[in-house]
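Structural overview
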Amino acid sequence: MRNSIGRVLEAARFCVGQIVVQKSDGCFVVCHRDDEKLDELQIFRSAEDAIEIAKYDDAGNYRPLKTAPNLRHGWQLELDTLEQLRRALDYFYPGRLAVFAAWKNDKLQTTPLRETLDRQSGMYRVAAKISDSQIDDLVADFCRSDGGCLRTILWKRYARGTVASTKLPNEKFDPEYDQGTASNPPGSATPATMATIPLLCQEACNLLVAECRKVAKGE
């Protein structure tokens with residue numbers, strides 16, 4: 001059953017992507033899922049701190065894709081209000097709360113990959129020449145939850161409903177499945193009782209389009 005976004009944000013404990021949020025003494029405590037049991041974390045107290053936290057991975061490399069499963073560790077964000085929490089989550093995962101809300105209200109529109117590629121112009125026009133077999137391989141690698149992207153794919157390859165990639169597991173297209181557990185060892189998945197906000201993908205991102213261009217050009 002789909003959870004309303006307000007109900008999830010008010011939950012005592014919930015997950016979104018690689019983040020876990022808990023209510024504690026009237027405030028919201030946000031940290032990396034892997035760090036939930038750790039005590040010595042760097043403390044932040046402003047929603048805007050999420051911008052810097054989300055900017056680089058553990059090795060100090062810039063993160064161009066904020067929904068990639070490489071959010072850095074070692075921090076804890078303590079926020080006083082629900083509005084601050086909403087802002088922070090939007091910095092961590094830009095636009096995903098709005099997309100989730102639209103999906104919850106059955107107002108989310110998706111765009112097939114071929115339509116996205118066909119509307120490209122200039123240097124990206126060649127991306128439309130990518131073959132179906134190349135799309136199958138590229139999407140399976142670039143969009144996989146384990147090392148690629150934590151979004152749940154809702155778009156199709158064609159308007160007639162062809163799946164984005166036949167080489168991805170069915171769970172990659174299921175909003176009820178917690179993509180944040182994809183890299184977890186057996187037995188460590190998030191309990192089914194925990195509320196989760198899925199990171200939904202309604203159309204191919206600019207980074208995927210750029211990769212389609214590279215493949216089409218044979219780079």
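These figures come from a predicted structure and were not determined experimentally.

About the thresholds
Residues numbered from 1 in each chain as written. Predicted model: local features only at pLDDT ≥ 70, side-chain atom pairs only at ≥ 80, totals over all residues. Heavy atoms only, no water. Helix = DSSP H or I, 4+ residues; strand = E, 2+ residues; numbered from the N terminus. Rg over C-alpha atoms; globule rule 2.2 N^0.38 Å. Contact = heavy atoms within 4.5 Å. Areas by Shrake-Rupley, 256 points an atom, 1.4 Å probe, with all protein chains shown as cover. Lys, Arg positive; Asp, Glu negative; His and termini not counted. Charge placed at Lys NZ, Arg CZ, Asp CG, Glu CD. Pairing = 2+ DSSP bridges. Axes fitted to C-alpha atoms, helices over the stretch in contact; angles between N-to-C directions. 1 Å grid on protein atoms, 1.4 Å probe; cavity = no way out; pocket = protein on both sides within 12 Å on 5 of 7 lines; lining within 4 Å. Points joined across faces, edges and corners; volume = space filled by probe spheres on them. Nonpolar A, V, L, I, M, F, W, Y, C, P; charged D, E, K, R; others polar. Core = buried A, V, L, I, M, F, W, Y, C linked by side-chain atoms within 4.5 Å. Buried < 20%, exposed > 50% of the residue type's maximum accessible area, 1.4 Å probe, protein only. Arc of directions from axis to C-beta. Salt bridge = Lys/Arg side-chain N within 4 Å of Asp/Glu carboxyl O.

Time to look at the overall build of the chain. Helix and strand counts for the chain come out as seven helices and eight strands. Relative to its length of 219 residues, the chain is compact, with a C-alpha radius of gyration of 18 Å against a globular reference of 17 Å. C-alpha extents for the chain along the principal axes are approximately 55 × 40 × 35 Å. A separation threshold of at least 6 residues defines the contact pool for the chain, and within that pool the share at least 24 residues apart is 68%. Accessible surface, the chain as shown: approximately 11300 Å² in total, 47% of it carbon and sulfur. Taking the 30 positively charged and 31 negatively charged side chains of the chain as two groups, their mean positions are separated by 7 Å.

Spatial strand order, 4-5-3-2-1-7: six strands in an open sheet with mixed pairing. The two strands at the open ends of the sheet, each matched to only one other strand, are strand 4 (42–44) and strand 7 (195–197). On average, each strand axis in the sheet is tilted by 25° relative to the strand beside it, whichever way the strands run. Sheet topology note: the strand 3 (residues 27–32)/strand 5 (residues 75–79) ladder contains four bridges and is antiparallel. Looking at the pairing, Phe28 lines up with Leu79 of strand 5. Across the sheet, helix 3 (residues 82–92) is in contact with strand 1 (13–16), strand 2 (19–24), strand 3 and strand 5; its angle to strand 5 comes to roughly 145°.

Counted according to the given criterion, the structure contains two cavities of 30 Å³ or more. Within this model, the largest cavity holds a volume of roughly 100 Å³. Forming the boundary of the largest cavity are Leu65, Thr67, Phe142, Cys143, Cys149, Arg151, Ile153, Trp155, Lys172, Cys201, Cys205 and Leu208. Taken together, the residues that form the lining of the largest cavity break down as nine nonpolar, one polar and two charged. Estimates place the volume of the second largest cavity at around 40 Å³. Taken together, Gly17, Leu150, Tyr177, Asp178, Gln179, Gly180, Thr196, Ile197, Pro198 and Leu199 make up the full set of residues lining the second largest cavity.

Turning our attention to the nonpolar core. Ranked by internal contacts, the top residues of the largest apolar core, which has 34 residues, are Phe14, Ile19, Val30, Trp75, Leu77, Leu85 and Phe92. In contact with Leu77, other than residues within four places in its own chain, are Phe28, Val29, Val30, Phe44, Arg45, Ser46, Asp49, Ala50, Ala88 and Phe92. Membership of the second largest hydrophobic core comes to 19 residues, among which are Leu138, Ala164, Cys201 and Ala204.

Of all the positions in helix 4 (residues 96–104), only Arg96, Leu97, Val99, Phe100 and Trp103 are classed as buried. Considered in projection along helix 4, the buried side chains sweep an arc of 160° and stay on one side of the axis. Contact partners of the buried residues in helix 4: helix 1 (5–9), helix 3, strand 7 and strand 8 (200–201). A positive backbone phi angle near 55° is found at Asp106, which sits one or two residues after helix 4.

Moving on, we come to the pattern of salt bridges. This structure, assessed with the given rule, holds 11 salt bridges. Note that Arg87 and Glu48 form a salt bridge whose closest N and O atoms lie 3.2 Å from each other. In this pair, Arg87 is assigned in helix 3 and Glu48 in the loop between strand 4 and helix 2 (49–53), connecting sequence segments 39 residues apart. Look at Glu48 and you get partly exposed, because its relative accessible area is 32%. Close ionic contact of Lys55 with Glu52 constitutes a salt bridge, the shortest N to O distance being 2.9 Å.

Further remarks concern the pairing of strand 2. Where strand 1 lies against strand 2, four bridges are found, and the strand directions are antiparallel. If you follow Phe14 over to strand 2, its bridge partner there is Val21. In textbook terms, the turn of a hairpin is the stretch between consecutive antiparallel strands, and for strand 1 and strand 2 this stretch comprises two residues, one of which, Gly17, has a positive phi near 60°. Strand direction decides the pairing type here: strand 2 and strand 3, joined by six bridges, are antiparallel. Across the sheet, Ser24 pairs through a bridge with Cys27, a residue of strand 3. The loop that links strand 2 with its antiparallel partner strand 3 comprises two residues; one of these, Asp25, has a positive phi angle of about 55°.

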